[in-house]
Structures are given as structure tokens and as C-alpha cells.
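Below are the chains, spelled out letter by letter.
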Amino acid sequence: MYQSASFNSAVPTTLGLLAETIRDPLITDLEVEQQLETAEYEIREIWSKPELILPELVNVAAYKDNTLGNPLLCPQERLQFIDRNVVNKYRDTFFHPERMVVAFAGVSHSRALSLTTNYFGDMKKPQGPTLSQYGSETSLSESSRDSQISSSSSSSPVTSAYSSPASTPPSSPQSSSNLLSHIPFLKNISTSARAQASVSSQQVPFSLDTASHYTGGFLVLPPLPPPANPALPDLTYIHLAFEALPISSEDIYALATLQTLLGGGGSFSAGGPGKGMYSRLYTNVLNQHGWVESCMSFNHSYTDSGLFGISASCTPQRAWQMLEVMCRELQNLTLETGFSSLQTAEVNRAKNQLRSSLLMNLESRMVELEDLGRQVQVHGRKVGVKEMCAKIDALTVKDLRRVARLVFGGNVQNPGKGSGAPTVVLQEGSTGGGKLDFGWERIQEKIARWKLGRR
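Residues numbered from 1 in each chain as written. Predicted model: local features only at pLDDT ≥ 70, side-chain atom pairs only at ≥ 80, totals over all residues. Heavy atoms only, no water.

(A) Summary view of the overall build of the protein chain. Of the regular secondary structure elements, the protein chain holds 13 helices and eight strands. Within the span of the protein chain, comprising 455 residues, buried residues form 45% of the whole. At a minimum sequence separation of 6, the contacts of the protein chain that also span at least 24 residues come to 77%. As displayed, the protein chain offers around 23100 Å² of accessible surface, 53% of which is attributable to carbon and sulfur atoms. (Helix = DSSP H or I, 4+ residues; strand = E, 2+ residues; numbered from the N terminus. Buried < 20%, exposed > 50% of the residue type's maximum accessible area, 1.4 Å probe, protein only. Contact = heavy atoms within 4.5 Å. Areas by Shrake-Rupley, 256 points an atom, 1.4 Å probe, with all protein chains shown as cover.)

Shown next as C-alpha cells:
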């Protein structure tokens, strides 16, 4: 995304500068080298912080070796292959008019249309290049022998992907895995593959419109080193996720309300009393268990799939118990009756919170502009605030319970035909002694006892 704010009188000049930057950038070798040095530093920083790298690895484990499992963070070993030609090839592959949306805020539609036509109207949809995957290295190729990129005119963005056998369950042995090639610095990774899994060098062509195939799985990282500052706590980090709904689903508002209802955060709230203290993960987890450092829900919605789950950190000796608590909170959302089942008052409070957050975010003109561009790119139209608020307001306890059962029961039916299995990513603290307890089979048994996911 390229974004700018300017005076009304300078809109044509500003758009002209953006058009020149997008269409005819002067990319030098020196600039690329400087950015590669910055990227290498940032990659090391992110990998040293579990709270930053584990959300990325949840996708890697959940969509093993395909689509959304491809890393957003550049693997360190790939940096040496990136130069000005690779950057230009990337631009030639993805910077096509059918993938572009030009959005304006504070400009009349007729003027916006005229300016866009003037600066971008002559762009043509090219026939190539094509994209191929060679083992752990991705190359851009002009060759017609490679699989052709789909030339669909749809405005919805799709993720680049290479195919993964839909029939392969997450817990079955694999003779090869591209997963390891995405994880720099780490050699001893436990996944659903065999212990001696190797990276295949076979060429695997893929199309940019391949459906995201959710596999589920277990990924454990080497234990963290002791904290550099003795005053800092030694923590184990756990993420538990299930395949959720795509952004186009009618139930996406129910899922967003469930996330707000679960809420969560850290054990210390800088905002003082009342800051998120009524969410379930605060009242049922953080306020009840002193050994929990953080616990929060997350919801990622993509064009053809999604992820919903809970991330937590706790003292290493309590990691197994932490997983139990996370499963309990998710199962409670599916209960028909009982003290822990969804209540009308808390659902209404979550709906009000969601509406309030939505409206306050859209008070920012820059946020409103980004929202406009993204919605047109994904939905093909602008979904108005009144429409979103009306759909949130119409939700009932039954709607939320039905969606919770659908997602946490592993029964989501997305185009990629996911496995329905859970996804668990774990990194233990330096004083953790429970590694033997965290075998994938035992984890699946525990999650299955809570009637979550499918095996």
C-alpha cells in the first residue's frame, strides 16, 4: 500500500508522485543493499521475541507448506538471493491493474475518476511473467513451461501459494517438508513430519488463485534462553488455533463478537481498572491464575479461510495446565446451558464494544481511507458503517454459540477443504521441564477430550 495526505489543491501533484513511485521507481543496487542490511537486523530482532514470531509460525503450522503458510517474514537464508533484479521481477509479477485499487477521501468521485484515468488509465494487464517454486527457493520465470498465473479480472486479492495434498492429515508422516526452510536459526523443530524430514528440491508449480488448505499441526521451538535481566520472568508461550471463516462469510460479525467477548491481555494493564477487565479471558483466566502472564484471543480473516484461537504465556511449570485452561474457555463458548455458557448481558456488552471500536477507528481519515481501499479490493464494494452496525446488532446468543461450535468443532467448510484439526505452536521457557508431556498425540488427546477440533 502506498498512502499520502495532502492539501486539496495538491491532490493532482500528490497522485502524480505516487504514480511515478509505483510505476517508474528508480531502484538502485545501493538502496537494495541498505534495505537488506536493515531487513537482516529486523529478522533477528523478531526471532528473538516470541510474542512477535509465534503469530507468524501459527500460520506456517496451520497451512503447512501452502498458501497462507508461506512466511511473510523473509527467511534469513533468502536475503543473499535478493537484488535489484528480484525486486523488479516482483513488481512486474504483482503490480497489475486488475490487482490495484486507488482510493480517495475528501475528493469527489468524478475528480477521483479523472485523476486515476490520467495517471493509471494506460496500464495494461500483461500475460507474464510466471511464478515457480523450486524447493526452498522461489524464482520468477518468464518460461511458458511453468504454471501460468491466473489472469482473472476479479478485484479480490489472492495469496500466492504452492499446492499441498488435501488428503494429507496433519499428523501423518511426511518424507519431505518445506516448513523447515521457512524457519531460520532453528534446526530442531518438531512438526507432524518425521524427525529426519528433508527439504524437497522438486519443482512445485503453483497458481496465485490456489485455495488455502488448512492442515493444522504442532510446531515446537527450542526452549528460550534465560532472560538477560534476572528481574524479567521466565515464560512459556503457547498458541492454540482452529480454522475460522473467510472475510466474506455472513458469520464474520459473530466471530468478531466472540473475539471481543473473549478479549484478554497482559497481567498488568497500564490503563488501570476497567481496561478490558470484563472480557472472559480477564475474569476467568488472568484474574484467577497468578501464574498466567498474558492470555488473549485472536481472529485472522482472509479471502478464503481464517484462524481463530488463543495465545498465552505462563510460568514454564504450568504450561500443560495453561493448555487445559485455553481449551476450557473455548469449549465454554459452545455450551447450551450452565454457568459458563454464553449469557445475554455479556454478548450485548461485546456487541457494544465491537461497534464502539469500529466507529472510533473510522474517526481517523487515514484509517477510513485504508478501510475503503481494502474493502473494495476484497469485497468489490464499500460495506458501510450502518450496514456493519446493523449486522452486529442483529446477532443473538444462539448465533454466537452456533458459530463457536462450527469453528471450534473443526467443521468449517472453506474452499480449501481443511482438516479441522487443531494448530498448536509452543516455545518453552528455560526452566521448563514438561517437554515429554508435549507430544503431539497427547496434545491432540487433551484437546479432543474438550470436544474441540477433529483428529
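Structure shown, so let's carry the discussion forward.
(B) Looking closely at the state of the cysteines. Inspection of every chain in the model, using the stated rule, returns zero disulfides. Between Cys295, a cysteine without a disulfide, and Cys314, which holds the nearest cysteine sulfur, the sulfur-to-sulfur distance is 9.4 Å. Relative accessible area serves as the criterion here: at 1%, Cys295 is assigned to the buried category. (Disulfide = S-S within 2.5 Å.)

(C) Quick look at unusual backbone geometry. Backbone geometry places Lys417, a non-glycine residue, at a positive phi of 55 degrees. The exposure class of Lys417 is exposed, given its relative accessible area of 62%. Its identity as a non-glycine residue notwithstanding, Lys451 has a phi of 60 degrees, on the positive side. Its location among the elements puts Lys451 in the segment after helix H13 (440-449).

(D) Spotlight on the pattern of salt bridges. Applying the stated criterion to the full structure yields 19 salt bridges. When the shortest N-O distance is used, the salt bridge between Arg405 and Glu336 registers 2.9 Å. One end of the pair, Arg405, is in helix H12 (residues 397-408); the other, Glu336, is in the loop between helix H8 (319-332) and helix H9 (344-361), with 69 residues separating them in the sequence. For Glu336, a relative accessible area of 47% gives the class partly exposed. Residue Arg374 pairs with Glu370 through a salt bridge whose shortest N-O separation is 2.8 Å. On the criterion of helical spacing, the pair formed by Arg374 and Glu370 is a turn pair, its members being four residues apart in helix H10 (residues 365-379). Since its relative accessible area comes to 27%, Glu370 is described here as partly exposed. Put simply, Glu250, Arg381, Glu387 and Lys391 are held in one network by salt bridges that share partners. (Salt bridge = Lys/Arg side-chain N within 4 Å of Asp/Glu carboxyl O.)

(E) Local environment of the environment of Ile392. If you trace the backbone, Ile392 turns up in helix H11 (residues 385-393). Of the residues examined, Ile392 reaches a relative accessible area of 2% and is grouped as buried. Here the alpha-carbon distance between Ile392 and Ala256, two residues 136 residues apart in the chain, equals 9.1 Å. Once residues lying within four places of it in the same chain are set aside, the contact partners of Ile392 are Tyr253, Lys351, Leu354 and Arg355.

(F) Region of interest: the nonpolar core. Met322 and Val407 are the most contacted members of the largest nonpolar core, which totals 58 residues. Apart from the residues lying within four places of it in its own chain, the contact partners of Val407 are Phe242, Glu243, Ala244, Leu245, Leu255, Phe308 and Val412. Leu36, Ile53, Leu73 and Phe298 belong to the second-largest nonpolar core, a separate cluster that totals 26 residues. (Core = buried A, V, L, I, M, F, W, Y, C linked by side-chain atoms within 4.5 Å.)

By themselves these figures say nothing about function.
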